[in-house]
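These are the residues of each chain, in order.
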Amino acid sequence: MKMAKNERQELIIKLIKENVITTQEELTNMVNSNGYQITQATCSRDIKELGIIKVAVPNQGTKYAVLERTGDVAPGRLLAVFSNSVLSCSPAMNIVVIKTLPGMAQAAASALDSMHLSSVVGTIAGDDNIFVATPSVDEATALVETINDMVNDDI
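What counts, and at which threshold
- Residues numbered from 1 in each chain as written.
- Predicted model: local features only at pLDDT ≥ 70, side-chain atom pairs only at ≥ 80, totals over all residues.
- Heavy atoms only, no water.
- Phe/Tyr/Trp six-rings, centres within 6.5 Å; stacked < 30°, edge-to-face > 60°.
- Lys NZ or Arg CZ within 6 Å of the ring centre and 35° of its normal.
- Salt bridge = Lys/Arg side-chain N within 4 Å of Asp/Glu carboxyl O.
- Helix = DSSP H or I, 4+ residues; strand = E, 2+ residues; numbered from the N terminus.
- Buried < 20%, exposed > 50% of the residue type's maximum accessible area, 1.4 Å probe, protein only.
- Contact = heavy atoms within 4.5 Å.
- Pairing = 2+ DSSP bridges.

(A) How the structure looks around the packing of aromatic side chains. Applying the stated criterion across every chain, the model contains zero aromatic pairs. Taking NZ or CZ as reference, K54 lies 5.3 Å from the ring centre of Y64, over its face.

The following block contains the structure:
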């Protein structure tokens, strides 16, 4: 039923915003304990559809995070634009250098900006490179891990 799906996805967003959730199994169990009977496969589909990503927390591993919606663009589309454009990323002190396909840096930087990740202070994009400023070296390292997870679809 469509309404149940919307309610379930709203619950998933609420749970992720209010808790530190690190695995699909943990999220599935939390959803089930709130009255919905879902499988891990359903949870995985919801994660993709909602544009939920795993973000690295400096010196603490990873957790799920909800991408903020901007305008009419769905988070899943932002993630697709970003992950399909990025070739590599590397930390350089508190700067992260992202290499993209030719001509895609500005679109990828815009998508990254729209994700409202707390570790991104700002971006500068050229044709095939993006410089991302972060508050610290640790946050740059964590951002590289987050980006690699997004690009490798390691959700």
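(B) Just the pattern of salt bridges, in detail. Across all of its chains, the model carries three salt bridges by this definition. Where R8 meets D46, a salt bridge forms, and the shortest distance between an N and an O atom there is 2.6 Å. Here R8, found in helix α1 (residues 2-18), pairs with D46, found in helix α3 (residues 40-50); they are 38 residues apart in sequence, far enough to count as distant. Across this residue pair, the class does not change: R8 and D46 are buried.

(C) Local environment of the side chain of T146. Residue placement: T146 occurs in helix α6 (residues 137-151). Not counting the four nearest positions on each side in its chain, T146 is found in contact with I53, K54, V55 and A56.

(D) How the structure looks around the pairing of strand β2 (residues 61-66). Pairing of strand β1 (residues 52-57) with β2, which is carried by six bridges, proceeds in the antiparallel orientation. Among the inter-strand pairings, A56 is bridged to a residue of β2, identified as T62. Linking β1 back to β2 in an antiparallel pair, the connection comprises three residues, with N59 at a positive phi of about 60°.

Read these as spatial facts, not as claims about activity.
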